[in-house]
Amino acid sequence: MNVLVVEDERNLADAICEILKNEGMKTDVTYDGTTALTLARSGIYDAIILDFMLPGMDGIEVVRETRRSGISTPVLMLTARTSTSDKVNGLDAGADDYMTKPFEAPELLARLRALTRRTGDVILEEASFGDLTLDLTTHDLRCGDKSVHLSGKEFEVMRMLMSSSARVVSKQDLLTRVWGGGSEASENSVEAYISFLRKKINHLHSTVQITTLRMLGYRLEVIL
Ligand code: CA
């Protein structure tokens, strides 16, 4: 699991990362709201832990803009405040849960587990884009009454493109997310899998295509 930690109190940020790493999670950390939004929009995280008061852009703004970009990554907001209106504002802006500082490690982990389980429920069945539907259980890609089976990596790449909707996904994001940060795979591997996927989409006679944007990456488009 890949978690983005956004907290400007560096000691607390480090402590949170330590707790998560002890559980075998990967973490990225940032101390300001503006960078947090850029990272959150990449869509590569499974969860975001987001402080309320931040330099640059506050947590509410970060979560609102992240949701406006179509990113549904679960967000756990941290707040030192206890007033109900702040919590409501956070949830209204698109956060999934909040936790009041200070907190204990077991509570943080329990809330994170609950959040990621919840997304699991939401995306359990299938993802879709245009006339394509991806079955997240069987890994079959369908268009009308035709379907093809996707291999493990093809499935991961397609799911990432679909969950990014029509936004551009960079080769680097695909590499990090699908192959893992420390992998030997290169951008050539990404290109190879994109090519496999194009053949399969073509076979389905779908109106969806994977468009290459030079130097930027890929995105799904409906061609009518
Ligand atoms: Ca703060």
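Before any of the text, the structure's been laid out above.
Just so we're clear, the structure is a prediction, and the values are computed from it rather than from any experiment.

### Regarding the pairing of strand E5 (residues 97–100)
Alternating positions in E5 separate cleanly, Asp 97 and Met 99 being buried on one face and Tyr 98 and Thr 100 remaining unburied on the opposite face. Here four bridges tie strand E4 (residues 75–79) to E5, and the two strands are oriented parallel to one another. Each bridged residue has a counterpart across the sheet, and for Leu 78 the counterpart in E5 is Met 99.

### Considerations on the side chain of Thr 66
Following the sequence through the fold, Thr 66 ends up in helix H3 (residues 59–68). A relative accessible area of 2% means that Thr 66 is categorised as buried. Beyond its immediate stretch of four places on either side in the chain, Thr 66 contacts Leu 37, Ala 40 and Ile 71.

### Quick word on the sheet that holds strand E7 (residues 132–135)
The sheet built from four strands is open, its strands ordered E6-E7-E8-E9 with antiparallel pairing. With one partner strand each, in any of the chains shown, strand E6 (126–129) and strand E9 (146–149) form the two edges of the open sheet. If you compare each strand with its neighbour and ignore which way they point, the axes differ by 20 degrees on average. Sheet topology places E7 next to strand E8 (residues 140–143); three bridges connect them, and they run antiparallel. Note on E8: the bridge partner recorded for Leu 134 is Leu 141. Helix H6 (residues 152–163) contacts E6, E7, E8 and E9 of the sheet and is inclined by roughly 125 degrees relative to E7. Its contacts with the sheet place helix H8 (residues 187–203) against E7, E8 and E9, and it is angled at close to 160 degrees to E9.

What counts and how
Residues numbered from 1 in each chain as written. Predicted model: local features only at pLDDT ≥ 70, side-chain atom pairs only at ≥ 80, totals over all residues. Heavy atoms only, no water. Buried < 20%, exposed > 50% of the residue type's maximum accessible area, 1.4 Å probe, protein only. Helix = DSSP H or I, 4+ residues; strand = E, 2+ residues; numbered from the N terminus. Pairing = 2+ DSSP bridges. Contact = heavy atoms within 4.5 Å. Axes fitted to C-alpha atoms, helices over the stretch in contact; angles between N-to-C directions.

Purely geometric numbers; function is a separate question.
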